[in-house]
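The residues making up each chain are set out below.
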Amino acid sequence: PTATGDETFPLVVMAHGHGGSRHEEGSFTQVAERLATLGVASIRMDFSGCGESSESFANNNLSNMLSDFLAARDFAIGRSHIDKERVGLFGWSMGGRLVLLLGARNDDFKVIATWSPAALNGAGSMVSFLGGQSAYDELKGRALERGSAPFTTLWGQNQELGLQWFEDLEDSRPLESISAFEGPLLILYGDLDDVVLPSVSELVIQSAIRSIDVVRHIVEDADHGLGVFSGNHELTEEAIATTVEFLSKRL
């Protein structure tokens, strides 16, 4: 949006998923563009080792992602036409975990929207992603020995998982954080998600005991990718439109 005079705009800070990018195959770009047409500004970034980031993926961990995320927020609200009292969060998968971890900061963030958040306390949400507990333990053991461990995702991405990636994951408690959030919360997920199971999203809803408005939206026949990577534009459109409406109306 373009400001004139003393006009101010709300802001949405966006967080992509594990190994994703600030564009998320165009889906995040569409969210940002549609928010802009409704007078809502947004900012998004590539986390370490993702998208156009020049850093090693070995630096990709929750501590660094939170630092980058909040730095992007601070940069945006430093602009003269951003209303720092109307800041919302949006995250997908690991990005969803990230924004849930900020849920206790009610003075800083007014609304939260997530797509299939990897939200189990501790490492639970990522153990199956890495191939089960024994595979997780083996990878962490390698990281203990040499600082990072090579891992290839289900989608063929080669990543170096740093030791702090494991330690941050195990120490984080997103369900506890979101239980303190008082603003509106959107939990959107596909009923066929086999990466972050629907039961995990439902657990987030159950945990949001102080939220003034919890919205559950289930995209039928959608897996974790919500049609983004399979080219099923109808599913992706449903996710994008629902999210943009939720954020724009509550900010």
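Reading the values: rules and limits
- Residues numbered from 1 in each chain as written.
- Predicted model: local features only at pLDDT ≥ 70, side-chain atom pairs only at ≥ 80, totals over all residues.
- Heavy atoms only, no water.
- Axes fitted to C-alpha atoms, helices over the stretch in contact; angles between N-to-C directions.
- Helix = DSSP H or I, 4+ residues; strand = E, 2+ residues; numbered from the N terminus.
- Parallel < 35°, antiparallel > 145°, perpendicular 65-115°, else oblique.
- Contact = heavy atoms within 4.5 Å.
- Buried < 20%, exposed > 50% of the residue type's maximum accessible area, 1.4 Å probe, protein only.
- Phe/Tyr/Trp six-rings, centres within 6.5 Å; stacked < 30°, edge-to-face > 60°.

Q: Whenever I open this one, the packing of helix H5 (residues 133–146) against helix H6 (residues 163–171) confuses me. Can you help?
A: A pair of packed helices is characterised by two quantities: the angle between their axes and the separation of those axes. At a minimum axis separation of 8 Å, H5 and H6 run at an interaxial angle of 125°. With respect to each other, H5 and H6 are oriented oblique. Of the residues in H6, those in contact with Tyr136, Leu139, Lys140, Ala143 and Leu144 of H5 are Leu163, Trp165, Phe166, Leu169 and Glu170.

Q: Explain H6 to me, please; I cannot follow it from the model alone.
A: Three- or four-residue spacings in an α-helix give side chains the same orientation, since the helix completes a turn every 3.6 residues. Among the residues making up H6, those that are buried are Trp165, Phe166, Asp168 and Leu169. Close packing links the buried residues of H6 with helix H2 (62–77), helix H3 (94–100), helix H4 (124–127), H5 and strand E6 (158–162).

Q: I'm lost on unusual backbone geometry in this one. Help?
A: Trans is the prevailing form of peptide bonds, just as negative phi is the prevailing case for residues other than glycine. Within the chain, glutamate 25 stands out as a residue other than glycine whose phi angle is a positive 55°. Tracing the chain through its elements places glutamate 25 in the loop between strand E1 (9–15) and helix H1 (27–37).

Q: Looking at this model, I keep getting lost on the packing of aromatic side chains. Mind explaining?
A: We describe a pair of aromatic rings using the distance from one ring centre to the other and the angle between the two ring planes. Taken as a whole, this structure holds 10 aromatic pairs when the rule is applied. Summarising the aromatic geometry, the rings of tryptophan 92 and tryptophan 115 are spaced 5.1 Å apart at their centres and angled 75° between planes, so their arrangement reads as edge-to-face. You can see tryptophan 92 sitting in strand E3 (residues 82–92) and its partner tryptophan 115 sitting in strand E4 (residues 111–115), a full 23 residues away along the chain. Tryptophan 115 carries the same exposure label as tryptophan 92, and that label is buried. Ring centres of phenylalanine 129 and phenylalanine 151 lie 5.8 Å apart, and the angle between their planes is 55°; this geometry places the pair in the tilted category. Taken together, the residues phenylalanine 129 in the loop between H4 and H5 and phenylalanine 151 in strand E5 (residues 148–152) connect sequence positions 22 residues apart. Pair check on accessibility: phenylalanine 129 and phenylalanine 151 agree, each one buried. Each member of the aromatic cluster is reached from another via a ring pair, and the members are Phe28, Phe90, Trp92, Trp115 and Phe229.

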